[in-house]
2 protein chains.
Amino acid sequence: MSRTKSRETLLQELEEAMRRSSAQGVMYGQAVANIAGIAQSDMECMDILFLEGRVTAGRLAEVTGLTTGAITGVVDRLEKAGYVRRERDASDRRKVFISVVVEKAEEIGKFYVPMQAAMQKVWGGYNDEELRLLLRFANDGYKGVLEATEALKGVIETPPAKRASLKMKPPIR
Amino acid sequence: MSRTKSRETLLQELEEAMRRSSAQGVMYGQAVANIAGIAQSDMECMDILFLEGRVTAGRLAEVTGLTTGAITGVVDRLEKAGYVRRERDASDRRKVFISVVVEKAEEIGKFYVPMQAAMQKVWGGYNDEELRLLLRFANDGYKGVLEATEALKGVIETPPAKRASLKMKPPIR
DNA sequence: ATTTGATATCTTAGTAACTAAGAGAATTAG
DNA sequence: CTAATTCTCTTAGTTACTAAGATATCAAAT
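Summarised in this report is the structure supplied together with it.

Conventions adopted
Residues numbered from 1 in each chain as written. Chains lettered and ligands numbered in written order. Predicted model: local features only at pLDDT ≥ 70, side-chain atom pairs only at ≥ 80, totals over all residues. Heavy atoms only, no water. Helix = DSSP H or I, 4+ residues; strand = E, 2+ residues; numbered from the N terminus. Buried < 20%, exposed > 50% of the residue type's maximum accessible area, 1.4 Å probe, protein only. Contact = heavy atoms within 4.5 Å. Areas by Shrake-Rupley, 256 points an atom, 1.4 Å probe, with all protein chains shown as cover. Near = heavy atom within 4 Å. Polar contact = N/O pair within 3.5 Å; in protein donor to acceptor, adjacent residues only side chain to side chain. Nonpolar A, V, L, I, M, F, W, Y, C, P; charged D, E, K, R; others polar. Core = buried A, V, L, I, M, F, W, Y, C linked by side-chain atoms within 4.5 Å. Least-squares fit on C-alpha atoms with pLDDT ≥ 70 in both. Buried area = accessible area lost by both parts, 1.4 Å probe. Salt bridge = Lys/Arg side-chain N within 4 Å of Asp/Glu carboxyl O. Pairing = 2+ DSSP bridges. Axes fitted to C-alpha atoms, helices over the stretch in contact; angles between N-to-C directions. Phe/Tyr/Trp six-rings, centres within 6.5 Å; stacked < 30°, edge-to-face > 60°.

Looking only at helices and strands, chain A has seven helices and three strands in total. For chain A, the sequential pattern of α-helices and β-strands runs α-α-β-α-α-β-β-α-α-α. Expressed as a percentage of the 173 residues in chain A, the buried residues total 40%. Considering only residue pairs separated by 6 or more positions, chain A has 51% of its internal contacts joining residues 24 or more positions apart. Per element, the accessible surface of chain A, about 9,500 Å² overall, is 53% carbon and sulfur.

If you want it as structure tokens, here you go:
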């Protein structure tokens, strides 16, 4: 056993570690949705609302990849539960803006406290220079995943019998 | 604007970048499932099968958080599509082992090629020492998410009206 | 002003995948 | 040998989704 790992070993371990932690992250999100008693799509929409602020129903459909009909259902549930409000746009009365009811939404936010605490603890183990490297990596990684998502469209050559329409979700923003 | 970011700014940006890239990663997985024409739960089970090899139906239920009934459906679909095989355990004939049909499963694997390529490209921009830091971080991060998942159970004090039974998914392995 | 076409959301009907509960078969404990 | 336990599957009912189209509004052309 060599004391310093070969680059190949490093890359393998890195891939596995990334895969594991991201899988576990997904599970955390599922657990939060379960506890909060709302569907995962609903939670995803809440996330988007927090990131983007006030968005239209159509934009939610676009970003989540759901149909507008499905979004109607999502917003119905969230509105009934008090997490969001529908507001018709005054200048274009076809549009419906969805906005977060902050006080109510904070009830969900508290389920993310354990995650934030854990992450702060982790980040506490790194100095500023190391954090800069991690930030660079996170940004590079994001760009990489975007590229991969784009390249994925190119993999489709021989459409099998029943193929979904491949309505791919655009990245947020 | 200071040339070097404050630690606070770094942490904020890091959180956002991580969130973004992990969200986009989830979307990539959804896109692959769509293209392959199988449900996301089915895809998740395939992932587990690749990681763990031969697993029982019950283990799949445990790890995915689905009921055993749901797993029956998942395996039915995957088996029908030729991705997996059911094999009764000879020593305990109640058990059903699920195993991947490798040749067929490779058809799915090819949808991950763009992602692997993108990640290799990203990792190419880092030297061994930097990769070691990233590996350390990925492992710390995994541990952090596990802790957070555990701590999440503690957040439940005042059970609201209708609360899911909080059947939380255990980490893989 | 009216018509035509485009846009934004919602409605309806049908489908797929889930849960809860329990049945059936095999195993283990007393 | 019987009873309790374990493991998967079945059944009935629910939920959230899609596809298609209805409804309402806006924008453009004449």
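With that settled, the discussion passes to the protein's contact with DNA strand D. Not every one of the 21 residues close to DNA strand D is listed here, only the nearest: A:S41, A:R94, B:G58, B:T68 and B:R94. Between DNA strand D and the protein, one listed contact pairs a base nitrogen with a side-chain N or O atom of B:T68 at 2.8 Å. For the surface near DNA strand D, the secondary-structure elements that each account for two or more residues are helix 4 (68–80) of chain A together with helix 3 (57–64) and helix 4 (68–80) of chain B. Of the residues assigned to the surface near DNA strand D, the class counts are five nonpolar, nine polar and seven charged.

A few words now on the nonpolar core. Among the nonpolar cores identified, the biggest contains 94 residues, and A:M46 and B:M46 are the most heavily contacted of them. Apart from the residues lying within four places of it in its own chain, the contact partners of B:M46 are B:L78, B:Y83, B:V84, B:V100, B:A105 and B:I108.

With an RMSD of 0.1 Å, the fit of chain B onto chain A corresponds to turning through 180 degrees and sliding 0.0 Å along the axis. In symmetry terms, the pair is related by a two-fold rotation axis. The overlap is high: 99% of the interface residues of chain B also sit at the interface in chain A, so the same surface is used on both sides.

Moving on: the interface of chain B and chain A. Taken residue by residue, the interface counts 75 residues in chain B and 75 residues in chain A. A buried area of about 7,000 Å², summed over both sides, lies between chain B and chain A, and 68% of it is on carbon and sulfur atoms. The largest per-residue losses of area from chain B upon contact with chain A belong to B:Q24, B:I35 and B:W123, which jointly make up 10% of the total buried on that side. B:K121 is paired through a salt bridge with A:E147; the nearest N and O atoms lie 3.0 Å apart. The interface formed by chain B and chain A holds 15 residue pairs in polar contact (both at pLDDT 80 or more) in total.

This next bit is on the sheet that holds strand 2 (residues 84–88) of chain B. All names here are of chain B. Strand order in the open sheet formed by three strands is 1-3-2, and the pairing between neighbours is antiparallel. Of all the strands in the sheet, the pair left with one neighbour each is strand 1 (55–56) and strand 2. The pairing of strand 1 with strand 3 (residues 96–100) spans two bridges and is antiparallel. Residue pairing for strand 3: T56 is matched across the bridge by F97. Its contacts with the sheet place helix 4 against strand 2 and strand 3, and it is angled at close to 120 degrees to strand 2.

Taken as a whole and judged by the stated rule, the model has four aromatic pairs over all chains. Aromatic pair A:Y126 and B:F137: ring centres 5.7 Å apart, planes at 75 degrees, arrangement edge-to-face. Of this pair, A:Y126 sits in the loop between helix 6 (113–124) and helix 7 (128–152) while B:F137 is found in helix 7 (residues 128–152), placing the two residues in two different chains. Each member of the pair, A:Y126 as well as B:F137, carries the same accessibility label: buried.

In this section: the pattern of salt bridges. Summed over all chains, the structure comprises 28 salt bridges over all chains. The shortest N-O distance in the salt bridge between A:D76 and A:R86 comes to 2.9 Å. Here A:D76 is found in helix 4, whereas its partner A:R86 is found in strand 2 (residues 84–88), with ten residues between them in sequence. On the accessibility criterion, A:R86 (29% relative accessible area) is partly exposed. The closest approach of N and O atoms between B:R7 and A:D128, which form a salt bridge, is 2.8 Å. You can see B:R7 sitting in helix 1 (residues 7–36) and its partner A:D128 sitting in helix 7, one on each of two chains. The class of A:D128 is partly exposed, set by a relative accessible area of 29%. Here the salt bridges share partners, and the residues they tie into one network are A:E52, A:R59 and A:E62.

The subject of this paragraph is the protein's contact with DNA strand C. Near DNA strand C there are 22 residues, and of these A:G58, A:T68, A:R86, A:R94 and B:S41 occur at the shortest range. Of everything in DNA strand C that lies within 4 Å of the protein, sugar and phosphate atoms constitute 75%. At 3.5 Å from a phosphate oxygen of DNA strand C is found a side-chain nitrogen or oxygen belonging to A:T72. Elements supplying a minimum of two residues to the surface near DNA strand C: helix 3 (57–64) and helix 4 of chain A together with helix 4 of chain B. Residue composition of the surface near DNA strand C, by class: six nonpolar, nine polar and seven charged.

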